[in-house]
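Chain by chain, the residues run as shown.
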Amino acid sequence: MAEIELKPRQTVKPKVERPKLHKVILVNDDFTPREFVVRVLKAEFRMGEDLAHRVMVTAHQKGSCVVAVFTRDVAETKATRATEAGRRAGYPLLFTTEPEE
Ligand code: NFA
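Scoring rules and cut-offs
- Residues numbered from 1 in each chain as written.
- Predicted model: local features only at pLDDT ≥ 70, side-chain atom pairs only at ≥ 80, totals over all residues.
- Heavy atoms only, no water.
- Helix = DSSP H or I, 4+ residues; strand = E, 2+ residues; numbered from the N terminus.
- Rg over C-alpha atoms; globule rule 2.2 N^0.38 Å.
- Buried < 20%, exposed > 50% of the residue type's maximum accessible area, 1.4 Å probe, protein only.
- Contact = heavy atoms within 4.5 Å.
- Core = buried A, V, L, I, M, F, W, Y, C linked by side-chain atoms within 4.5 Å.
- Near = heavy atom within 4 Å.
- Polar contact = N/O pair within 3.5 Å; in protein donor to acceptor, adjacent residues only side chain to side chain.
- Pairing = 2+ DSSP bridges.
- Salt bridge = Lys/Arg side-chain N within 4 Å of Asp/Glu carboxyl O.

Asks: An account of the overall build of the protein is requested, with residue identities and associated values reported.
Replies: When its secondary structure is counted, the protein shows 3 helices and 3 strands. For 101 residues, the compact-globule formula gives about 13 Å, and the C-alpha radius of gyration of the protein, at 22 Å, lies well above that figure. Overall size of the protein, expressed as C-alpha extent along the three principal axes, is 80 × 25 × 20 Å. Buried positions account for 32% of the 101 residues belonging to the protein. Counting contacts in the protein only where the partners sit at least 6 residues apart, residues at least 24 apart contribute 70% of the total.

Right under this line is the structure:
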């Protein structure tokens, strides 16, 4: 009986690039009410009250705070939607994005 060669002579190592993650950053301002910032964080980033409040206070005290990381498209869409929610209510609330190192 002929033998079947089961052992591969060469292996192919698939090179899959992991998509780079992008941070969504909440930027402090002097006008947007704290409670409004918390409401946007809860609605757009699905945060609970406690985390949303902590992120808001950190941005308030330090000038900015990383909200979360996503693939680029998702980060940009969420930052835009959250910024627009502020603008619709007449506030200068700003969310930006930047690539993770
Ligand atoms: N600094 C704002 C205030 O005192 C609150 C705020 C926090 C705004 C985080 C934007 C980002 N009302």
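Asks: Now, about the nonpolar core: what can you tell me, with residues and values included?
Replies: Counting residues in hydrophobic clusters, the biggest one holds 23 residues, and the most contacted among them are Val-24, Leu-26, Leu-41, Phe-45, Val-67 and Phe-95. Apart from the residues lying within four places of it in its own chain, the contact partners of Phe-95 are Val-24, Ile-25, Leu-26, Val-40, Leu-41, Phe-45, Val-67, Ala-79, Ala-82 and Thr-83.

Asks: Describe in detail the site of the ligand, supporting the description with residues and values.
Replies: Close to the ligand lie Leu-26, Val-27, Asn-28, Asp-29, Thr-32, Pro-33, Arg-34, Val-37, Met-56, Ala-59, His-60 and Leu-93, which account for all nearby residues. A distance of 2.7 Å separates a nitrogen atom of the ligand from a polar atom in the side chain of Asn-28. At 2.8 Å from a nitrogen atom of the ligand is found a side-chain nitrogen or oxygen belonging to His-60. Those elements that place two or more of their residues in the shell around the ligand are strand S1 (21-27), helix H1 (34-45) and helix H2 (49-62). The element best represented in the shell around the ligand is H2, accounting for 3 residues.

Asks: Please set out the pairing of S1 residue by residue, giving values where relevant.
Replies: Burial runs high along S1: 5 of the 7 residues are buried. Judged from the 7 bridges that link them, S1 and strand S2 (residues 64-71) form a sheet pairing that is antiparallel. The residue bridging Val-24 from the neighbouring strand is Ala-68, located in S2.

Asks: Describe the pattern of salt bridges, listing the residues and the values that go with them.
Replies: Under the counting rule described, the total for this entry stands at 7 salt bridges. Notably, a salt bridge pairs Glu-44 with Lys-78, separated by 4.0 Å at the nearest N-O pair. Here the residue Glu-44 occupies a position in helix H1, and Lys-78 occupies one in helix H3 (residues 72-88), the gap between them amounting to 34 residues. Lys-78 shares its class with Glu-44; the two are buried. The partner of Glu-76 in a salt bridge is Arg-72, with the nearest N and O atoms 3.5 Å apart. Residue Glu-76 and its partner Arg-72 are located together in helix H3, separated by 4 residues, close to a single helical turn. Look at Glu-76 and you get partly exposed, because its relative accessible area is 33%.

Asks: I'd love a proper account of unusual backbone geometry, names of residues and values included.
Replies: Although it is not a glycine, Arg-46 adopts a positive phi angle of roughly 50 degrees. Within the element layout of this structure, Arg-46 appears in the loop between H1 and H2.

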